[in-house]
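# Structural description and commentary
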Amino acid sequence: SKVFDHQLELLRSNSGSTVTIWLDPKEMEVNIFQQFYVCLNSTKQGFKAGCRKVIGLDGCFFKGGCQGELLDAIARDANNQMYPVAWAVVEKETTETWEWFIGLLIKDLDINDQGEGWVFISDQQKVCC
């Protein structure tokens, strides 16, 4: 129930950021959470100003009381340090959740021209579905 408050606070304190919440479309009357995407404006602008057009994509499971997965887009900064670009919390790592995440990432980073000059790296060790 606090996820919308979290979204509003992130947008208030980080003007220009993208914070998207996706609810289960089959259960709209009870607001069942499915996905949460964050790309802070400061990290977006920092990436555009000082990182190469190389993005690493990965996902990891939550352990313990919370279920779900964290999807992330990571780059390297000018000091060759990890640089978080965007992340999302999803119920499950599927083709659909990755398409949703990458679609939002493409919009945030203004990737056009069919991605010419960009490199996306993923482990792709298994097919998700």
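Only a predicted model underlies this, so the values are computations on that prediction, with no experimental measurement involved.

## A word on the overall build of the chain
Regarding its fold elements, the chain presents three helices and six strands. The order of helices and strands in the chain, counted from the N terminus, is α-β-β-α-β-β-β-α-β. Taking the principal axes of the C-alpha coordinates as reference, the chain spans close to 45 × 40 × 30 Å. Expressed as a percentage of the 129 residues in the chain, the buried residues total 35%. Pairs at least 24 apart in sequence give 51% of the contacts found in the chain among residues at least 6 apart. With the model as given, the accessible surface of the chain reaches about 8400 Å², and the carbon-plus-sulfur share is 54%. Taking the average location of the 12 positive side-chain charges in the chain and that of its 18 negative ones, the two points are 5 Å from each other.

## Digging into helix 3 (residues 95-108)
Helix length check: helix 3, at 14 residues, gives a terminal C-alpha distance of 20 Å against a target of 20 Å (1.5 Å per residue), a fit within 8%. For helix 3, the complete set of buried residues consists of Thr97, Trp98, Trp100, Phe101, Leu104, Leu105 and Asp108. Projected down its long axis, helix 3 carries its buried residues within an arc of 160 degrees, all on one side. Exposed and oriented more than 90 degrees from the buried face of helix 3 are Glu96, Glu99 and Lys107. Directly after helix 3, the chain includes Asp110, whose backbone phi takes a positive value near 55 degrees.

## Regarding the sheet that holds strand 2 (residues 33-39)
Sheet architecture is open: six strands sit in the order 1-2-5-4-3-6, paired in mixed fashion. Sheet topology places strand 1 (18-23) and strand 6 (119-122) at the edges, where each strand pairs with a single neighbour. Averaged over all neighbouring strand pairs, the angle between strand axes comes to 20 degrees, with direction disregarded. Across six bridges, the pairing between strand 1 and strand 2 is antiparallel. By the bridge assignment, Ile21 is partnered in strand 2 with Phe36. Contacting strand 1, strand 2, strand 3 (54-61), strand 4 (69-76) and strand 5 (82-90), helix 2 (residues 41-50) runs over the sheet at an angle of about 135 degrees to strand 5.

Scoring rules and cut-offs
- Residues numbered from 1 in each chain as written.
- Predicted model: local features only at pLDDT ≥ 70, side-chain atom pairs only at ≥ 80, totals over all residues.
- Heavy atoms only, no water.
- Helix = DSSP H or I, 4+ residues; strand = E, 2+ residues; numbered from the N terminus.
- Buried < 20%, exposed > 50% of the residue type's maximum accessible area, 1.4 Å probe, protein only.
- Contact = heavy atoms within 4.5 Å.
- Areas by Shrake-Rupley, 256 points an atom, 1.4 Å probe, with all protein chains shown as cover.
- Lys, Arg positive; Asp, Glu negative; His and termini not counted.
- Charge placed at Lys NZ, Arg CZ, Asp CG, Glu CD.
- Expected span 1.5 Å × (residues − 1).
- Arc of directions from axis to C-beta.
- Pairing = 2+ DSSP bridges.
- Axes fitted to C-alpha atoms, helices over the stretch in contact; angles between N-to-C directions.

Keep in mind these values describe shape, not function.
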